[in-house]
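Chain and residue survey
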Amino acid sequence: MPHDNIVFYIFLIFAGAAALSTLALYARFSLLVVYIVLGILLGPSVFNLVSDPNLIKEISHIGIVFLLFLLGANLPPQKLAILLKQTTVVTALSSLIFISIGGAIALLFGFSIIESLLIGAAMMFSSTIIGLKLLPTTVLHHQHTGEIIISILLLQDIIAILILLILPAEWDTTLPVYEVVKMLVSLIGLILFAYLFERFVLIKLIRRFDKIHEYIFIMAIGWCLSMAQLAHMIGLSAEIGAFIAGIVMATNPIALFIADSLKPLRDFFLVIFFVALGASFDLNIIEQVLIPSLVLASFIMLIKPYSFKFLLSRYGETPQRAMEVGVRLGQISEFSLFIAVLALELNVIGTQASYLIQLSTLITFIVSSYFIVLRYPTPIAVSDKLRRD
């Protein structure tokens, strides 16, 4: 029997996650897999205990906002500029490879040119959440690995946001250009505002009351969500606003305290995000797109690691590090899900094309996260040898 009580939903999510996580850790499964499977079980396709996945999905979106905010808070602008300079070519070339392969596979399965182009575009991106959630940050060896992954993901996110902006333009020849220019102007204005407000208002208030940790905690949350909302109001994504909010604070030592304080809050909402992701998936369409999804997901998971290994090795990274980066980025992205849903709502692609992207993404989420947890150091590794935080 379905319920619409948010408290009941939260109870189901965390009680269910606690029970399944215990079993999963004994079985050496990634906890991310647990959250997605739990969502499928609770959702309309199985037990229908969560009859309105969109309700918890809206709440869970805050987790991604906090994730990007903390990412920015750990990445000073000077370091960010260096990282983006180093990985721009790698990201551009790898994106061309992935869109070509994804589009070609879609064409072979009979999808239209527009649908194949969108399917290919969705394959360009790797999961920000999986890439960062499974990345150790306190082990020296992985700091550079993390920097490479972060810079590639940031560039991919910029491309994804451009696609999300262009989709509603109904493919008019002039409007997409206008939308892109408008976005760039808004972005520059948002960065300028964030820099000035942080320098002349925010940081002075924090220094004035830096002995009161509760105040800093509340101020950080308020700053993060205010910038996210402001970005949304001017036509950008909330994630971009949160990331900029973190970036402008990264030059201040207080950013380290803020990052540690907000991690539990981030994780709370990210658990809800992955459960909502599973709950929103309709199992009734699996039979229609199962074979294309398995083929597409398999090719992407095989090609991405070796593509990144080849490209990064050409730019001076060791083969071992280049391969690890490739494996950690070897899945499709949550941005691909956003593109699939929006494109379907706007009638740019059909139902089967949208579900192909969604199912392929979920397959890569499960397989990739499981492989990473077993093979590389992660904060949630079952093995003590590989567990890092």
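In this text, all values refer to a predicted model and were calculated from it rather than measured experimentally.

1. A word on the packing of aromatic side chains
Inspection of every chain in the model, using the stated rule, returns ten aromatic pairs. Each ring, one from Phe-8 and one from Phe-11, has its centre 6.0 Å from the other, and the planes form 45°; the classification is tilted. With Phe-8 and Phe-11 both in helix α1 (residues 6–26) and three residues apart, the pair spans about one turn of that helix. Since its relative accessible area comes to 22%, Phe-8 is described here as partly exposed. Taken together, Phe-14, Phe-66, Phe-268 and Phe-269 form an aromatic cluster joined through their ring pairs. Between Lys-304 and the ring centre of Phe-98, over which it is positioned, the NZ or CZ distance is 5.2 Å.

2. Looking at unusual backbone geometry
Although it is not a glycine, Asn-48 adopts a positive phi angle of roughly 55°. In this fold, Asn-48 is placed in the loop between α2 (31–42) and α3 (53–73). A relative accessible area of 25% means that Asn-48 is categorised as partly exposed. Here the phi dihedral of Asn-347 falls at roughly 60°; this positive angle occurs in a residue that is not glycine.

3. A short note on the confidence of the model for the chain
Summary statistics for the chain give a mean pLDDT of 85 and a share of 91% for residues scoring 70 or more. Put simply, helix α7 (residues 140–166) is where the chain has its lowest mean pLDDT, 76, and helix α5 (residues 113–122) is where it has its highest, 95.

4. Comments concerning a nonpolar patch on the surface
Taken together, the side chains of Leu-192, Phe-193, Tyr-195, Leu-196, Phe-197, Phe-200, Val-201, Leu-205, Phe-209 and Ile-212 make up a nonpolar region of the molecular surface, amounting to roughly 850 Å² of accessible area. Looking at the secondary structure, you find Leu-192 in helix α8 (residues 175–208).

5. Concerning the nonpolar core
Grouped together as the largest cluster of nonpolar side chains are 123 residues, with contacts concentrated most on Tyr-35, Phe-69, Ile-119, Trp-223, Met-249, Ile-258 and Phe-274. Counting residues per element, this core draws most heavily on helix α11 (residues 254–279), which supplies 13 residues. In contact with Met-249, not counting residues within four places along its chain, are Phe-69, Glu-198, Leu-202, Ile-206, Trp-223, Ile-254, Ala-255 and Ile-258.

What counts and what doesn't
Residues numbered from 1 in each chain as written. Predicted model: local features only at pLDDT ≥ 70, side-chain atom pairs only at ≥ 80, totals over all residues. Heavy atoms only, no water. Phe/Tyr/Trp six-rings, centres within 6.5 Å; stacked < 30°, edge-to-face > 60°. Helix = DSSP H or I, 4+ residues; strand = E, 2+ residues; numbered from the N terminus. Buried < 20%, exposed > 50% of the residue type's maximum accessible area, 1.4 Å probe, protein only. Lys NZ or Arg CZ within 6 Å of the ring centre and 35° of its normal. pLDDT = per-residue confidence, 0-100. Patch = residues over 30% accessible without salt bridge, like charges linked within 9 Å, V, L, I, M, F, W, Y side chains within 5 Å. Areas by Shrake-Rupley, 256 points an atom, 1.4 Å probe, with all protein chains shown as cover. Salt bridge = Lys/Arg side-chain N within 4 Å of Asp/Glu carboxyl O. Core = buried A, V, L, I, M, F, W, Y, C linked by side-chain atoms within 4.5 Å. Contact = heavy atoms within 4.5 Å.

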